[in-house]
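# Fold and geometry: a report
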Amino acid sequence: LLVQTLPLLEPTACRPGAMAEAAAKALQEKSLLTSTDVAGYASDAPKEKRMVVFTANQDGSPIESWCPDCRRALPVVLESALAASVALTVVGVGERDDWKLDARGGDHPFRAKDGLALTGVPTLLLLGPDGREVARLGSELEDEEDPVAMRAKIDELVASALAAEA
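Read on for a plain summary of the structure. If you're wondering where the values come from, they're calculated on a predicted model, not measured in any experiment. (Residues numbered from 1 in each chain as written. Predicted model: local features only at pLDDT ≥ 70, side-chain atom pairs only at ≥ 80, totals over all residues. Heavy atoms only, no water.)

### What to know about the overall build of the protein chain
- For the protein chain, the helix and strand inventory stands at 6 helices and 5 strands.
- Along the protein chain, from the amino end to the carboxyl end, the secondary structure elements read α-β-α-β-α-β-α-β-β-α-α.
- Residue burial in the protein chain is summarised as follows: out of 166 residues, 48% are buried.
- For the protein chain, the proportion of contacts with a sequence separation of at least 24, taken over those separated by at least 6, is 68%.
- Taken as a whole, the protein chain presents about 8400 Å² of accessible surface, with 51% of it coming from carbon and sulfur. (Helix = DSSP H or I, 4+ residues; strand = E, 2+ residues; numbered from the N terminus. Buried < 20%, exposed > 50% of the residue type's maximum accessible area, 1.4 Å probe, protein only. Contact = heavy atoms within 4.5 Å. Areas by Shrake-Rupley, 256 points an atom, 1.4 Å probe, with all protein chains shown as cover.)

### Observations concerning the pairing of strand β5 (residues 133–137)
- Strand direction decides the pairing type here: strand β4 (residues 123–127) and β5, joined by 4 bridges, are antiparallel. By the bridge assignment, Leu124 is partnered in β5 with Leu137. (Pairing = 2+ DSSP bridges.)

### Topic: the pattern of salt bridges
- In the structure shown here, the tally under the stated rule is 7 salt bridges.
- Arg50 is paired through a salt bridge with Glu48; the nearest N and O atoms lie 2.5 Å apart.
- Classification of Arg50 as buried rests on a relative accessible area of 8%. (Salt bridge = Lys/Arg side-chain N within 4 Å of Asp/Glu carboxyl O.)

### So, the environment of Gly131
- Turning to its location among the elements, Gly131 is positioned in the loop between β4 and β5.
- Of the residues examined, Gly131 reaches a relative accessible area of 19% and is grouped as buried.
- Separated by 82 residues in the primary sequence, Gly131 and Lys49 have C-alpha atoms spaced 6.1 Å apart.
- In this structure, Gly131 is in contact with Pro46, Lys47 and Glu48, ignoring residues within four places of it in sequence.

### Structural notes on the nonpolar core
- Among the nonpolar cores identified, the biggest contains 32 residues, and Leu27, Met51, Val77, Leu78, Leu88, Leu124 and Ile154 are the most heavily contacted of them.
- Those elements giving two or more residues to this core turn out to be α1 (16–29), β2 (50–55), α3 (68–84), β3 (88–92), β4, β5 and α6 (147–165).
- In terms of residue count, α3 provides more of this core than any other element does, 8 residues in total.
- Aside from chain neighbours lying at most four places away, what touches Leu27 is Leu32, Leu33, Leu78, Ala81, Leu82, Val86 and Leu88.
- Tyr41, Ala56, Trp99 and Phe110 belong to the second-largest nonpolar core, a separate cluster that totals 15 residues. (Core = buried A, V, L, I, M, F, W, Y, C linked by side-chain atoms within 4.5 Å.)

Rendered as structure tokens:
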């Protein structure tokens, strides 16, 4: 199984926000991009093969985020989804205090151990055709500062999951 790899623009060639906007627009034109919030995802989680990225905002915008790690990762995730022609859902985890205060003992539904058990954002899930999680990148995205290395990790995850389906 071959996954098309589009070249990653050098960070100096284009600002990340513009890269994210262009990739988001291309995904929308192919009907491969959806966005939602905590309530929307909790009530209607995808039941099909797709990528799901949890990001730091209220509405699941693929462009805006209060988290610097998410602002760095979202353009790369969007480009990877576009290159692989895999549907992507962007899920906003809420406002900063909703997410950060929960880390100190609150009750965020995405942090629950019997739920998604997210430990940070951004987190990328790859769902199989039945909607079950088949792969995850969490701290690997959060900690990676090099967009080329990040893209390689995402592409490897997607390629191995698609190969396992074949």
